[in-house]
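These are the residues of each chain, in order.
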Amino acid sequence: GGGGVGGGGHVDEEEEAAAAAERQRARLRVVAAKMSKVPAFKLRLLSGDWAEVTRKAKHRKHYQLAVLSSHHCHLLGDGRICSMLRPEATMLIETAKFILETRKQNRKEFGTRLLTIASLRGLTLDPKADGQGSGEPDANKLSFLCFKYDEATAEAVAEAARQLRKASQ
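So, here's what we can say about the structure.

Calculation rules
Residues numbered from 1 in each chain as written. Predicted model: local features only at pLDDT ≥ 70, side-chain atom pairs only at ≥ 80, totals over all residues. Heavy atoms only, no water. Axes fitted to C-alpha atoms, helices over the stretch in contact; angles between N-to-C directions. Helix = DSSP H or I, 4+ residues; strand = E, 2+ residues; numbered from the N terminus. Parallel < 35°, antiparallel > 145°, perpendicular 65-115°, else oblique. Contact = heavy atoms within 4.5 Å. Nonpolar A, V, L, I, M, F, W, Y, C, P; charged D, E, K, R; others polar. Core = buried A, V, L, I, M, F, W, Y, C linked by side-chain atoms within 4.5 Å. Buried < 20%, exposed > 50% of the residue type's maximum accessible area, 1.4 Å probe, protein only. Pairing = 2+ DSSP bridges.

**A few points about the packing of helix H3 (residues 104-120) against helix H4 (residues 151-168)**
- Close contact between H3 and H4 brings their axes to 7 Å; oriented N to C, the two are set at 130 degrees. Classed by the angle they form, the pair H3 and H4 counts as oblique. On H4, the residues touching Thr116, Ser119 and Leu120 of H3 are Val157, Ala158, Ala161, Arg162 and Arg165.
- Residues belonging to the contact of H3 with H4 are distributed by class as follows: four nonpolar, two polar and two charged.

**Considerations on the nonpolar core**
- Ranked by internal contacts, the top residues of the largest apolar core, which has 24 residues, are Leu76, Leu85, Met91, Ile93 and Leu123.
- Mapped by element, the contributors of at least two residues to this core are helix H2 (50-55), strand E1 (63-68), strand E2 (85-94), H3 and strand E4 (144-150).
- Looking at which element gives the most residues to this core, the answer is E2, with four residues.
- Setting aside anything within four residues of it in sequence, one finds isoleucine 93 in contact with Leu68, Cys73, Leu76, Leu114, Phe144, Leu145 and Phe147.

**Section: the sheet that holds E4**
- The sheet built from four strands is open, its strands ordered E1-E2-E4-E3 with mixed pairing. In the strand order of this sheet, the two ends are held by E1 and strand E3 (123-125), each with one partner. Between one strand axis and the next, the sheet turns through 25 degrees on average, direction left out of account.
- Strand direction decides the pairing type here: E3 and E4, joined by three bridges, are antiparallel.

Below is the structure:
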C-alpha cells in the first residue's frame, strides 16, 4: 500500500497556490479599475531655501493643490505662498492631531491659529470637506483642514479677516 497521505497533500498545495494566484490577479484587476478613474497628476515635493523656491517663475500660479505639514505651516506667514497657487486652488494643512506631545487644548489652539492665518492669506475653509461642516472644525479630530483659494476673492477675504482681527484686539 504505497500511495499514502503525501501524494494527496501535494495536489492540495498546488490547488491552494493556484487559488491564491487567482485571488491576487482579482485584487490587481480591482486596483487597476480604481486607478483608471484617478486623473493624471504630478507630485512635486518642494524643498530647499523657501525664498529661492518662491522666487522661481516656474512655481508662480502653478499648483492646483498644495499640502502643508503641521511642521511647515509657518510658511502660511509668508504672503508669497498664495502666489504659487493657481487662480482657483485647494490647500490642505495638517493639524496637530498627530503631534503626540501636545495636549488637546494646544491642538485646538493650533487649529484656531491655522484658521486665522489662512484667512489672512485669503483662504476660506471648505465646508464640503469631510468632517469640516460649518463653524470651527475640531482640530483634535481632523488630521487636516481643507481650504479653498480663489484669486478673485482672496484680497476681500484677507481684508475681512484683518478687520475682524483688529476688532477683536
